[in-house]
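The lines below spell out each chain.
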Amino acid sequence: MTQRTDLPAIVVGAGPVGMTAAARLAKDGIPVVVVEAEPVPKTDWRASTFHAATLELLHDIGVTEQMNAEGLVTPIYHFRDRRDGLIAEFDFGLLAAETPYPYRLQLNQQHLVRMLHDRLRADDRVELLFGSRVTGVANTADGVTATVQTPDGPRILFGSHLIGADGPASTVRRSLGIEFAGHTYPERFMIVSTTVDLGARIPGLAHVNYIADPAQWLFLLRTPESWRAVYPVPPDEPVAAATAPDRMQEQLQAVAPYPAGYPIIDFQVYNVHQRVAAVFRAGNIVIAGDAAHINSPVGGVGLNSGIHDVMDAAARIVRIRAGEGDPDAELSTYDAVRRQVALEYVQADTQRNTERLKETDERLRRANQEEMRAIAADPARARAYMRRVSLLESVRRFGIGLPPGQPMEVPA
């Protein structure tokens, strides 16, 4: 397998994962073409948490300081029960000796897209093709091609490598015929955002709260713009009914009474999956983020792990193009490592988190509560737990973009 280093790298998808990939490649002097079907940078509110390991990586492309200035630093989060109140409190400050970012940063994902778009459009190494849709990709003898439908007509792009960061319905993954096995939860998830301060309505509420309940679990979190409530929509409830203003108001009033009525500034209903692609690489093409793995949002690791994917892939592409890494070994290592992380950390943890919140067996509910209390009460266990949920464990264990065969940390 050979590469044409006179060609750009191609990134498909201009969400936070794709834009991070482009910024990382451009930082190392690699020309990049970014293809995005939407006509303008994405404004999706869905993901809003950036973990310590991700902030470390984004520091390498010079964006973490701006994110911290605009975001909400959140060192404390709660595991609660809708009937029993606070069960356990966790403080990421326990990780202060290991990371300069011992907290979750709450910042809606479109702000990272905006920050990166501002710098990429001013970089003459980067070509941004918005309003353009990839219809097919292929490997060639010395690189890749992408067939693109642009506003000016069809175009064929030639590149050394291609990163598919084009979401769950990825054209790149489908074009390569890669299986996307897993399951879809029967219930949909609803996000409702309000400007009302839920912290003032619920005494002692943290800025991030996982709230278990057998009838209707909740996820309450604060972002700089609003408070969000995430809750399940039963399979038999139509979307139109779930999003009716009176119904959303009813749900929020059940969280905390507010006689004046909650102003609702944003809402979404979406299907939730647990799926992992059979492979993350085909020749000089890799897939990353939601194109490669999708998961429950409970834990806030989907976006983070996608950023880790492209930081790993970009480091390998940089080495390959510089003649410093074996092309096949580098991309095979990307495939093996990032898929293992997706299975052992992202999928396993988000599935466990979701099942814990929705557990209906009273004996198991009590056992879950006791386990969380015991972890929070023991600093060593709490530190290990937060090291894992912040993705520091997976990054320290597997590294990001480590050369093939380089020793990795054995997790404590």
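Fair warning: this is a prediction, and the values are worked out from it, not measured in the lab. (Residues numbered from 1 in each chain as written. Predicted model: local features only at pLDDT ≥ 70, side-chain atom pairs only at ≥ 80, totals over all residues. Heavy atoms only, no water.)

Q: Would you mind going over the overall build of the protein chain with me for this structure?
A: Scanning the protein chain from terminus to terminus reveals 13 helices and 22 strands. The dimensions of the protein chain, computed from C-alpha atoms along their principal axes, are 60 × 50 × 40 Å. Scored against the burial criterion, the 412 residues of the protein chain give a buried share of 58%. Carbon and sulfur atoms provide 53% of the accessible area of the protein chain, an area that totals close to 16,000 Å². Across the protein chain, 42 positive and 50 negative side-chain charges occur, with their mean positions spaced 2 Å apart. (Helix = DSSP H or I, 4+ residues; strand = E, 2+ residues; numbered from the N terminus. Buried < 20%, exposed > 50% of the residue type's maximum accessible area, 1.4 Å probe, protein only. Areas by Shrake-Rupley, 256 points an atom, 1.4 Å probe, with all protein chains shown as cover. Lys, Arg positive; Asp, Glu negative; His and termini not counted. Charge placed at Lys NZ, Arg CZ, Asp CG, Glu CD.)

Q: Teacher, can you tell me more about the pairing of strand S11 (residues 153–159) here?
A: Side chains on a regular strand alternate between the two faces of the sheet. Judged from the 7 bridges that link them, strand S10 (residues 144–150) and S11 form a sheet pairing that is antiparallel. Paired with Thr147 across the two strands is Ile156, which belongs to S11. Linking S10 to S11, which pair antiparallel, is a turn of 2 residues. (Pairing = 2+ DSSP bridges.)

Q: What exactly am I supposed to notice about the nonpolar core here?
A: In a soluble, globular protein the nonpolar side chains are often hidden away together inside. The biggest cluster of nonpolar side chains holds 106 residues, and the ones touching the most others in it are Leu25, Phe50, Leu58, Met67, Leu162 and Ile163. Looking at this core element by element, the count peaks at 9 residues for helix H9 (residues 302–321). With sequence-adjacent residues up to four places away left out, Leu25 is seen in contact with Ala9, Val11, Ile30, Val32, Ile163, Ala314, Ile317 and Val318. (Core = buried A, V, L, I, M, F, W, Y, C linked by side-chain atoms within 4.5 Å. Contact = heavy atoms within 4.5 Å.)

Q: I keep staring at the UniProt feature "coiled-coil region" (unreviewed entry) in the protein chain and nothing clicks. Help me out?
A: Mapped onto the present numbering, the UniProt feature "coiled-coil region" (unreviewed entry) falls at residues 350–377. Split by type, residues 350–377 is 89% helix and 0% strand. Its first and last C-alpha atoms lie 23 Å apart. (UniProt positions renumbered as here; feature names shortened; annotations may be inferred.)

Q: Is there a simple way to explain the environment of Pro31 in this structure?
A: Topologically, Pro31 is positioned in the loop between helix H1 (16–27) and strand S2 (32–36). Taking the C-alpha atoms as reference, Pro31 lies 7.6 Å from Leu7; in sequence the two are 24 residues apart. Beyond its immediate sequence surroundings of up to four residues, Pro31 is in contact with Leu7, Pro8, Ala9, Arg125 and Arg321.

Q: Whenever I open this one, the side chain of Arg173 confuses me. Can you help?
A: Looking at the element boundaries, Arg173 is found in helix H5 (residues 171–176). One buried charged residue, Arg173, forms no salt bridge at all, with the nearest opposite charge on Asp166 at 6.6 Å. Within polar-contact distance, the side chain of Arg173 engages the backbone oxygen of Pro168 at 2.7 Å. Excluding its chain neighbours within four sequence positions, the residues that come into contact with Arg173 are Gly167, Pro168, Ile178, Phe180, Ala277, Ile287, Asp290 and Ala291. (Salt bridge = Lys/Arg side-chain N within 4 Å of Asp/Glu carboxyl O. Polar contact = N/O pair within 3.5 Å; in protein donor to acceptor, adjacent residues only side chain to side chain.)

Q: I'm lost on the packing of aromatic side chains in this one. Help?
A: Pairs of aromatic rings are described using the distance from one ring centre to the other and the angle between the two planes. This structure, assessed with the given rule, holds 11 aromatic pairs. On the numbers, 5.8 Å between centres and 85° between planes, the contact of Tyr77 with Tyr210 is edge-to-face. Of this pair, Tyr77 sits in strand S5 (residues 76–81) while Tyr210 sits in strand S15 (residues 208–212), and the two are 133 residues apart along the sequence. For Tyr77, a relative accessible area of 4% corresponds to the buried category. In this structure Tyr210 comes out as buried when scored by relative accessible area, which is 7%. Residues Tyr185 and Phe189 carry aromatic rings whose centres are separated by 6.2 Å and whose planes lie at 35° to one another, so their mutual orientation is tilted. The burial state of Tyr185 is the same as that of Phe189; both residues are buried. In textbook terms, an aromatic cluster arises when at least three aromatic residues are bridged by ring pairs, as seen for Tyr77, Phe90, Phe92, Tyr210, Phe219 and Tyr385. (Phe/Tyr/Trp six-rings, centres within 6.5 Å; stacked < 30°, edge-to-face > 60°.)

Q: Help me understand the sheet that holds S2, please; the structure alone is not making it clear to me.
A: In a beta sheet, neighbouring strands pair by backbone hydrogen bonds and run either parallel or antiparallel. Spatially, the 6 strands line up as an open sheet ordered S8-S2-S1-S12-S21-S20, and their pairing is mixed. Whereas interior strands pair on both sides, the edge strands pair on one side only; in this sheet they are strand S8 (126–130) and strand S20 (281–282). Pairing geometry for S20 and strand S21 (residues 285–287), over 2 bridges, is antiparallel. Within S21, the position partnered with Arg281 by the bridge is Val286.

Q: Help me understand the environment of Pro235, please; the structure alone is not making it clear to me.
A: Mapped onto the fold, Pro235 is located in the loop between strand S17 (227–233) and helix H7 (239–242). When the C-alpha atoms of Pro235 and Arg188 are compared, they prove to be 6.8 Å apart, with 47 residues separating the residues in sequence. Setting aside residues up to four positions removed in sequence, Pro235 forms contacts with Pro186, Glu187 and Arg188.

Q: Help me out: how do you make sense of the pattern of salt bridges in this one?
A: Side chains that differ in sign of charge can pair as their charged atoms come close. Summed over the entire model, instances satisfying the criterion amount to 27 salt bridges. Residues Asp213 and Arg83 are paired through a salt bridge, measuring 3.8 Å at the closest nitrogen-oxygen approach. Separated by 130 residues along the polypeptide, Asp213 in the loop between S15 and strand S16 (218–222) and Arg83 in the loop between S5 and strand S6 (85–91) bring together distant segments of the chain. Members of the salt-bridge network, linked through shared partners, are Asp81, Arg83, Asp84, Asp213, Glu362, Arg365 and Arg366.

Q: Which parts of the structure should I look at to understand the sheet that holds strand S18 (residues 264–270)?
A: The strand order S6-S5-S15-S16-S17-S14-S18 describes an open sheet built from 7 strands, whose pairing is mixed. The sheet is open, and its two borders are formed by S6 and S18, each paired with just one other strand. This sheet shows a mean twist of 15° between the axes of neighbouring strands, independent of strand direction. Where strand S14 (residues 188–194) meets S17, 7 bridges bridge the pair, whose relative direction is antiparallel. Each residue of the ladder has a partner; that of Arg188, found in S17, is Val233. Helix-sheet contacts for helix H8 (residues 245–255) involve S14, S16, S17 and S18, and the interaxial angle to S18 is about 100°. (Axes fitted to C-alpha atoms, helices over the stretch in contact; angles between N-to-C directions.)

Q: For this particular structure, what's the right way to read the side chain of Ser296?
A: Mapping Ser296 onto the fold places it in the loop between strand S22 (293–294) and H9. At a separation of 3.2 Å, a polar atom in the side chain of Ser296 contacts the main-chain amide nitrogen of Val298. Not counting residues within four places of it along the chain, the set of residues in contact with Ser296 comprises Tyr185, Phe189, Val272, His273, Gln274, Thr350 and Thr354.

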